[in-house]
Amino acid sequence: MKAVLSIAGFDTSGGAGIHADVKTARSLGFHACSVITALTFQNTCEVSGVKILGEYVENQLESVLEDVEFSAVKVGVVPDVR
């Protein structure tokens, strides 16, 4: 099965970010992998906070790239660039 990597934020309400990307990839027949860049504190009406994961993004990327070959990469929220 071909794999897709989503690099995005985590929406606690489930309507966007990693949740939406995984749902879309699976509906198209892909295996979905993810790297979470930020945790949001939100409901369906508003975002009340964001925690940027910074250094952990690189760790996640290194780990998943060790043994998964991706057909596509989708990039969403990237709150900081080094």
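Attention here is on the structure that accompanies the text.

## Here we look at the overall build of the chain
Thinking step 1. Tallying secondary structure elements over the chain gives two helices and four strands in all.
Thinking step 2. Written out in order from the N terminus, the α and β elements of the chain read β-α-β-β-α-β.
Thinking step 3. Against the 2.2 N^0.38 benchmark of 12 Å for 82 residues, the chain shows a C-alpha radius of gyration of 13 Å, consistent with a compact globule.
Thinking step 4. Looking at the chain residue by residue over its 82 residues, the buried ones come to 29%.
Thinking step 5. Within the chain, residue pairs in contact and separated by at least 24 positions form 66% of the contacts whose partners lie at least 6 positions apart.
Thinking step 6. Total accessible area on the chain is roughly 5500 Å²; 55% of this is exposed by carbon and sulfur atoms.
Thinking step 7. Each charge sign in the chain was given a centre, from 6 positive and 10 negative side chains, and these centres are 8 Å apart.

## Quick notes on the pattern of salt bridges
Thinking step 1. Under the defined criterion, the tally for this structure stands at one salt bridge.
Thinking step 2. The salt bridge partner of Asp21 is Lys74, with a shortest N-O separation of 3.2 Å. Here Asp21, found in helix H1 (residues 17–27), pairs with Lys74, found in strand S4 (residues 70–75); they are 53 residues apart in sequence, far enough to count as distant.

## Topic: the sheet that holds S4
Thinking step 1. Read across the sheet, four strands follow the order S3-S2-S1-S4 without closing on themselves; strand pairing throughout is mixed. The two strands at the open ends of the sheet, each matched to only one other strand, are strand S3 (47–52) and S4. Neighbouring strand axes in the sheet, compared pairwise and without regard to direction, differ in orientation by 25° on average.
Thinking step 2. Where strand S2 (residues 31–42) and S3 come together, five bridges link them in antiparallel fashion. Paired with Gln42 across the two strands is Val47, which belongs to S3.
Thinking step 3. Together, strand S1 (3–10), S2 and S4 form the strand contacts of H1, whose direction differs from that of S1 by roughly 160°.
Thinking step 4. Lying over the sheet, helix H2 (residues 55–65) contacts S1, S2 and S4, oriented at roughly 165° with respect to S2.

What counts and what doesn't
- Residues numbered from 1 in each chain as written.
- Predicted model: local features only at pLDDT ≥ 70, side-chain atom pairs only at ≥ 80, totals over all residues.
- Heavy atoms only, no water.
- Helix = DSSP H or I, 4+ residues; strand = E, 2+ residues; numbered from the N terminus.
- Rg over C-alpha atoms; globule rule 2.2 N^0.38 Å.
- Buried < 20%, exposed > 50% of the residue type's maximum accessible area, 1.4 Å probe, protein only.
- Contact = heavy atoms within 4.5 Å.
- Areas by Shrake-Rupley, 256 points an atom, 1.4 Å probe, with all protein chains shown as cover.
- Lys, Arg positive; Asp, Glu negative; His and termini not counted.
- Charge placed at Lys NZ, Arg CZ, Asp CG, Glu CD.
- Salt bridge = Lys/Arg side-chain N within 4 Å of Asp/Glu carboxyl O.
- Pairing = 2+ DSSP bridges.
- Axes fitted to C-alpha atoms, helices over the stretch in contact; angles between N-to-C directions.

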